[in-house]
Number of protein chains: 4
Amino acid sequence: MGAPMASNLIKAGCDITVWNRTKSKCDPLLSLGAKFESSPARVASSCDVTFAMLADPESAFEVACGANGAAEGMAAGKGYVDVSTVDDATSKLIGKRITSTGASFLEAPVSGSKKPAEDGLLIFLTAGDESLYKRVAPLLDVMGKSRFYLGDVGNGTAMKLVVNMVMGSMMVSFAEGLLLSEKVGLDPNTVVEVISQGAINAPMFSLKGPSMVKAAYPTAFPLKHQQKSKAGAGPAESVSQPIPTAAAANELYKVAKSLGLADQDFSAVIEALKAKVQSSQH
Amino acid sequence: MGAPMASNLIKAGCDITVWNRTKSKCDPLLSLGAKFESSPARVASSCDVTFAMLADPESAFEVACGANGAAEGMAAGKGYVDVSTVDDATSKLIGKRITSTGASFLEAPVSGSKKPAEDGLLIFLTAGDESLYKRVAPLLDVMGKSRFYLGDVGNGTAMKLVVNMVMGSMMVSFAEGLLLSEKVGLDPNTVVEVISQGAINAPMFSLKGPSMVKAAYPTAFPLKHQQKSKAGAGPAESVSQPIPTAAAANELYKVAKSLGLADQDFSAVIEALKAKVQSSQH
Amino acid sequence: MGAPMASNLIKAGCDITVWNRTKSKCDPLLSLGAKFESSPARVASSCDVTFAMLADPESAFEVACGANGAAEGMAAGKGYVDVSTVDDATSKLIGKRITSTGASFLEAPVSGSKKPAEDGLLIFLTAGDESLYKRVAPLLDVMGKSRFYLGDVGNGTAMKLVVNMVMGSMMVSFAEGLLLSEKVGLDPNTVVEVISQGAINAPMFSLKGPSMVKAAYPTAFPLKHQQKSKAGAGPAESVSQPIPTAAAANELYKVAKSLGLADQDFSAVIEALKAKVQSSQH
Amino acid sequence: MGAPMASNLIKAGCDITVWNRTKSKCDPLLSLGAKFESSPARVASSCDVTFAMLADPESAFEVACGANGAAEGMAAGKGYVDVSTVDDATSKLIGKRITSTGASFLEAPVSGSKKPAEDGLLIFLTAGDESLYKRVAPLLDVMGKSRFYLGDVGNGTAMKLVVNMVMGSMMVSFAEGLLLSEKVGLDPNTVVEVISQGAINAPMFSLKGPSMVKAAYPTAFPLKHQQKSKAGAGPAESVSQPIPTAAAANELYKVAKSLGLADQDFSAVIEALKAKVQSSQH
């Protein structure tokens with residue numbers, strides 16, 4: 001997802017330096033005029049503000065704090081904006097390490113997947129250094145359609161988690177409806193259409209419903225990430241907030257993973273409610 | 001809900017005759033020019049098409065098939081459109097009785113509550129006699145924004161049930177998110193705003209979220225009806241379709257009922273996830 | 001299950017008259033000295049007390065109240081003891097019909113399946129006419145190891161439902177433990193043994209655990225009956241008592257049914273937690 | 001729980017040296033003839049085999065690996081048996097540290113609470129060094145009624161977790177049954193009695209049922225530990241094993257904690273199913 005975000009910045013006339021473990025992945029950006037540096041550290045030292053977009057907490061930590069990591073190139077006056085989705089603990093570790101260099105840190109997980117990234121319609125859930133937030137606001141507005149400043153580091157991650165939790169439960173509820181409708185003799189496509197007319201219409205339903213009916217799950221948001229983020233609902237555990245539907249939904253994401261669907265779109269969770277039946281053919 | 005629907009028909013220039021157990025409830029419509037008849041039977045005999053909107057299956061059956069019920073005034077050439085939400089069995093019984101008079105029957109439960117009814121923005125989920133459907137289409141278009149013809153009697157009811165089931169689970173998932181966000185130190189109003197920007201944005205969330213945060217539940221769709229319609233998810237039972245999140249959600253609606261919230265808006269189900277905590281003050 | 005119960009009565013020296021839709025099923029009992037009558041009505045008129053054991057509410061109602069049903073042979077002074085497991089409504093209908101003849105009625109669903117029936121170790125959950133209860137107590141003691149008198153008709157059924165509900169959830173919980181242990185590299189047979197040593201040891205676990213590990217489900221209590229009785233947990237619905245684990249368990253029994261396991265032992269519900277995984281082989 | 005275990009060893013004629021953060025807690029044991037040492041390290045160096053029983057993973061780690069921890073007193077030929085219930089990771093860390101001294105390590109979490117500890121009826125779920133297992137077997141037999149050797153370190157912890165998970169779900173299922181019975185007009189004490197007669201009879205039900213009916217929860221196994229161990233059901237998460245009833249039960253333990261019942265017996269979880277109703281009195 002980093003690529004479309006970067007190319008939007010380039011198109012907006014920003015002067016960009018990029019790095020990726022696999023240099024070839026940067027070629028499209030280089031052809032658009034981006035410079036390349038051989039390590040996160042060198043990117044950080046050559047730029048005022050560094051954006052990091054990694055797939056998981058481990059890589060996010062490595063790229064920021066590891067050998068030749070961004071931190072090594074950071075210094076007072078510079079800013080580090082981590083737009084990856086990581087857990088609370090990792091985000092705080094990264095923040096500590098970055099600020100220890102005198103640089104300022106902003107946690108900024110995004111809500112939205114591939115398509116919104118390409119269209120510059122992401123939503124930034126930021127937390128951390130407020131002046132850095134104000135400083136990068138124009139850049140966030142190039143890559144996204146809205147941005148929230150949520151206070152202390154950790155709040156961006158928490159907000160992302162809450163929204164993902166609700167999204168995960170909604171997807172399962174929607175899947176239950178599609179399958180039930182089919183079993184009672186209705187056309188699930190009509191269900192998608194009826195829902196699209198009413199109070200529960202959500203873009204996600206209109207976008208994924210038709211392909212779900214066709215049992216196609218082109219990956220926009222990988223199922224394994226949804227499942228992980230729910231597991232991440234450790235917050236609910238620690239604050240003792242009951243989340244019965246999210247808990248029930250998570251059981252289904254586990255099933256979907258065991259069905260080998262971890263890398264497909266999280267809408268593939270519908271197979272977990274079907275598989276049971278298909279199994280009767282064993 | 002019958003009143004706003006009828007007044008929209010009157011405003012559209014239709015010639016209307018009304019009946020209600022409590023005559024006074026008809027006064028506003030009479031002042032708009034509606035006629036009054038002393039029984040469903042007399043309404044039916046004096047009109048080409050009769051619309052019935054009742055609060056529950058029992059009354060829907062009584063008004064159609066009871067003493068002085070609509071059936072007694074029905075005859076070949078006439079049409080009976082039941083826009084109440086009833087269970088499958090009741091709807092079929094009513095259909096049988098009505099058609100036994102030579103009249104035609106259309107089941108047409110609506111999706112949408114008070115406000116959409118007033119604004120003529122209801123969604124009609126019809127099933128039964130297709131020629132009657134075509135005949136009343138212009139009237140449905142006066143009262144609603146869209147209409148679906150779903151085939152045999154029972155399919156309208158089934159569709160309504162599926163949509164309500166998904167809606168009920170979504171509401172609980174949303175409530176879980178709002179309460180979790182608060183417990184981890186986020187502003188639930190911001191959660192509502194963030195959600196309104198993204199893929200899971202649904203009119204229901206923007207409409208009810210802000211009042212849910214204030215613990216206010218002005219009744220649009222009574223909680224007891226949501227709970228009933230889920231209980232009605234007997235279909236899922238009979239076709240053996242697992243609906244884990246709907247089942248978990250239903251447990252919460254039961255709790256909400258036991259909290260005395262049956263007549264408040266179904267968004268009051270959030271109290272069922274809170275009550276537990278408030279109880280700690282015992 | 002009626003056969004072993006009857007043969008225990010015969011062995012105890014009781015003078016028995018039997019009837020079954022399929023006469024041949026009575027042969028073993030006839031060879032033990034039982035008489036045969038050609039209808040429930042004739043059995044009832046020729047005996048002081050009539051015991052009825054049917055597979056489902058429909059047959060229980062038919063045999064008691066249908067054409068040539070027991071009621072037709074009932075009269076003041078006679079007693080009717082229904083040991084079938086039926087729903088509250090059916091039981092009350094049967095009771096009304098029987099007592100309308102002047103006879104007395106006792107609802108007496110049994111806890112225990114085939115084996116306990118053969119060994120005379122059933123548990124009778126009786127409700128209704130207390131004097132009839134006292135009168136048949138010696139007979140119940142021949143067929144069972146304990147008996148409870150629970151008051152008004154309906155309470156026996158309710159007690160049976162509650163016990164079955166707990167049993168159904170326990171079986172799923174046990175199945176979850178067996179499968180989880182296997183996945184984390186433990187021997188599920190050892191889990192069965194460890195459990196048999198501790199506070200949660202229940203005869204059901206020791207009895208069914210070993211065969212569950214072998215994926216064998218010799219039918220003692222058919223899965224479809226367990227699922228039905230949970231569905232019967234309509235009581236929980238009507239009194240708004242949350243039963244989250246029973247609700248979650250019921251979703252699994254539905255899955256098991258859709259896997260074609262309705263007629264196997266209810267312990268086959270473990271397949272519903274496995275099927276998901278097996279499905280990954282699709 | 002360490003005290004009753006130690007006193008059983010003393011009564012059996014073993015030569016015991018003890019340590020506790022709070023020396024006074026050791027007085028009863030000293031009066032029975034136990035020696036006292038001022039640190040885990042000194043206990044370890046003065047004994048052939050050291051048993052550790054701590055309340056949580058943190059203390060278990062501290063006592064074994066911290067300053068003046070047991071490891072400092074360990075050496076080849078000595079044995080360390082950790083009978084605390086800790087998570088997989090902690091147990092392995094302790095094992096590594098202990099064995100690094102040349103000593104051998106046995107993980108041996110116990111199944112059973114206060115009473116069984118006093119009566120020498122604990123169940124040991126051991127894993128790790130098999131020769132140490134054989135060496136301490138006679139001591140385990142003094143403190144417990146049965147012992148299992150489960151292989152590599154981690155398996156004892158895993159077994160404990162699985163058993164606790166099943167126990168936690170069973171307790172909630174039982175609580176659902178007790179409350180439902182009361183709501184439908186049955187005497188919950190009779191439910192306890194009926195259950196005690198049948199296939200689902202478990203010592204836990206007979207032991208805790210009567211006090212649960214009286215809403216009394218004398219702490220044998222603290223609710224917070226049950227909830228924690230479920231949270232620990234991370235294994236189910238990592239191996240993607242669906243555990244729907246355990247997940248639903250866990251939501252209730254969270255509620256119970258938020259009701260301030262963390263330190264009462266885990267049977268207090270029944271309040272989580274009640275509280276909801278009590279709240280209606282707000």
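Residues numbered from 1 in each chain as written. Chains lettered and ligands numbered in written order. Predicted model: local features only at pLDDT ≥ 70, side-chain atom pairs only at ≥ 80, totals over all residues. Heavy atoms only, no water.

**Overview of the packing of helix H8 (residues 155-183) of chain A against helix H8 (residues 155-183) of chain B**
Here comes step 1: Running from N to C, H8(A) and H8(B) cross one another at 170°; their axes reach a closest spacing of 9 Å. With respect to each other, H8(A) and H8(B) are oriented roughly antiparallel. Seen from H8(A), the contacting residues are A:Val162, A:Met165, A:Val166, A:Ser169, A:Met170, A:Ser173, A:Phe174, A:Glu176, A:Gly177, A:Leu180 and A:Ser181; seen from H8(B), they are B:Val162, B:Met165, B:Val166, B:Ser169, B:Met170, B:Ser173, B:Phe174, B:Glu176, B:Gly177, B:Leu180 and B:Ser181.
Here comes step 2: Looking at side-chain class alone, the contact of H8(A) with H8(B) contains 12 nonpolar, 8 polar and 2 charged residues. (Axes fitted to C-alpha atoms, helices over the stretch in contact; angles between N-to-C directions. Helix = DSSP H or I, 4+ residues; strand = E, 2+ residues; numbered from the N terminus. Parallel < 35°, antiparallel > 145°, perpendicular 65-115°, else oblique. Contact = heavy atoms within 4.5 Å. Nonpolar A, V, L, I, M, F, W, Y, C, P; charged D, E, K, R; others polar.)

**Examining the relation of the copies chain A and chain B**
Here comes step 1: For the pair chain A and chain B, the relating rotation is 180°, the translation along its axis is 0.0 Å, and the fit reaches an RMSD of 0.1 Å. Between the two chains, the operation in question is that of a two-fold axis.
Here comes step 2: Of the interface residues in chain A, 100% have counterparts in chain B that sit at the interface too, so the contact is made through matching surfaces. (Least-squares fit on C-alpha atoms with pLDDT ≥ 70 in both.)

**Focus on the interface of chain C and chain D**
The parts lose accessible area when they come together, and the size of an interface is often stated as this lost area.
Here comes step 1: Counting from both sides, the interface comprises 56 residues of chain C and, opposite them, 56 residues of chain D.
Here comes step 2: Approximately 4900 Å² of surface area, both sides summed, lies buried where chain C meets chain D, with 76% of it carried by carbon and sulfur atoms.
Here comes step 3: Of all residues in chain C, C:Leu180, C:Ile200 and C:Thr245 give up the largest surface area on contact with chain D, accounting jointly for 13% of the area buried on that side.
Here comes step 4: Across the chain C-chain D interface, the total number found is 0 salt bridges.
Here comes step 5: At the surface where chain C touches chain D, the tally comes to 18 residue pairs in polar contact (both at pLDDT 80 or more).
Here comes step 6: For the side of chain C that touches chain D, a count of residues per class yields 38 nonpolar, 13 polar and 5 charged. (Buried area = accessible area lost by both parts, 1.4 Å probe. Salt bridge = Lys/Arg side-chain N within 4 Å of Asp/Glu carboxyl O. Polar contact = N/O pair within 3.5 Å; in protein donor to acceptor, adjacent residues only side chain to side chain.)

**Description of the packing of aromatic side chains**
Here comes step 1: Scanning the model with the defined rule gives 16 aromatic pairs over all chains in all.
Here comes step 2: Each ring, one from A:Phe221 and one from A:Phe266, has its centre 5.6 Å from the other, and the planes form 70°; the classification is edge-to-face. Of this pair, A:Phe221 sits in the loop between helix H10 (203-213) and helix H11 (223-231) while A:Phe266 is found in the loop between helix H13 (244-258) and helix H14 (270-278), placing the two residues 45 residues apart along the sequence. The exposure classification of A:Phe221 matches that of A:Phe266, with both residues buried.
Here comes step 3: Above the face of the C:Phe36 ring, C:Lys23 is positioned so that its terminal group lies 4.7 Å from the ring centre. (Phe/Tyr/Trp six-rings, centres within 6.5 Å; stacked < 30°, edge-to-face > 60°. Buried < 20%, exposed > 50% of the residue type's maximum accessible area, 1.4 Å probe, protein only. Lys NZ or Arg CZ within 6 Å of the ring centre and 35° of its normal.)

**Details of the UniProt feature "active site" (unreviewed entry) in chain A**
Residue and element names in this part refer to chain A.
Here comes step 1: Under the present numbering, the feature "active site" (unreviewed entry) in UniProt falls on Lys160.
Here comes step 2: Note that Lys160 resides in helix H8.
Here comes step 3: Judged by its relative accessible area of 10%, Lys160 falls in the buried class. (UniProt positions renumbered as here; feature names shortened; annotations may be inferred.)

**Some points on helix H5 (residues 88-99) of chain C**
Residue and element names in this part refer to chain C.
Here comes step 1: Compared with the 16 Å implied by 1.5 Å per residue over 12 residues, the 16 Å span of H5 between its first and last C-alpha is a close match.
Here comes step 2: Those residues of H5 lying buried are Thr90, Ser91, Ile94, Gly95 and Ile98. Seen from one end, H5 has its buried residues packed into an arc of 135°, which puts them on one side.
Here comes step 3: Tucked into the core, H5 has its buried residues touching helix H4 (57-65), strand E4 (79-82), strand E5 (104-107) and helix H8 (155-183).
Here comes step 4: For H5, the side-chain oxygen to backbone nitrogen distance between the N-cap and Ala89 is 3.3 Å, and the N-cap itself is Asp87. (Expected span 1.5 Å × (residues − 1). Arc of directions from axis to C-beta.)

**Focus on the pattern of salt bridges**
All names here are of chain A.
Here comes step 1: Under the definition given, this model contains 36 salt bridges over all chains.
Here comes step 2: The partner of Asp141 in a salt bridge is Arg147, and the shortest N-O contact between them spans 2.6 Å.
Here comes step 3: By relative accessible area, Asp141 is classed as partly exposed at 38%.
Here comes step 4: On the basis of relative accessibility, which here comes to 30%, the residue Arg147 falls in the partly exposed class.

**Some details on the relation of the copies chain C and chain D**
Here comes step 1: For the pair chain C and chain D, the best superposition has an RMSD of 0.0 Å and corresponds to a rotation of 180° with a translation of 0.0 Å parallel to the axis.
Here comes step 2: The fraction of interface residues of chain C whose copies in chain D are also interface residues reaches 100%, indicating that both copies meet through the same surface.

**Focus: the interface of chain A and chain B**
Here comes step 1: With 56 residues of chain A in contact, the opposing surface of chain B contributes 56 residues.
Here comes step 2: Both sides of the chain A and chain B interface together cover about 4900 Å² of buried area, and 76% of this is carbon and sulfur.
Here comes step 3: Summed over the three residues of chain A that lose the most area to chain B, namely A:Leu180, A:Ile200 and A:Thr245, the buried surface amounts to 13% of that side.
Here comes step 4: Viewed at the interface, chain B and chain A are joined by 18 residue pairs in polar contact (both at pLDDT 80 or more).

**A look at the environment of B:Asp48**
Here comes step 1: Relative to the elements of secondary structure, B:Asp48 occurs in the loop between helix H3 (40-46) and strand E3 (49-52).
Here comes step 2: The contacts of B:Asp48, once residues within four sequence positions are left out, are B:Gly77, B:Lys78, B:Gly79 and B:Arg135.

**A few points about the pairing of strand E5 (residues 104-107) of chain B**
Here comes step 1: Of the two faces of E5(B), the one carrying B:Ser104 and B:Leu106 and the one carrying B:Phe105 and B:Glu107 are both buried.
Here comes step 2: At this point the chain moves from strand E4 (residues 79-82) of chain B, through helix H5 (residues 88-99) of chain B, to the parallel E5(B), and the crossover so formed is right-handed. (Right-handed = clockwise from strand over helix to strand, strands pointing away.)

**A closer look at the state of the cysteines**
Residue and element names in this part refer to chain D.
Here comes step 1: This model, assessed by the stated rule, comprises 0 disulfides over all chains.
Here comes step 2: In this model Cys14 remains outside any disulfide bridge; the closest cysteine sulfur is found in Cys47, 11 Å from its own.
Here comes step 3: Take Cys14: its relative accessible area is 25%, and that puts it in the partly exposed class.
Here comes step 4: A residue is classified by how much of its surface remains accessible, and Cys47, at 13% relative accessible area, is buried. (Disulfide = S-S within 2.5 Å.)

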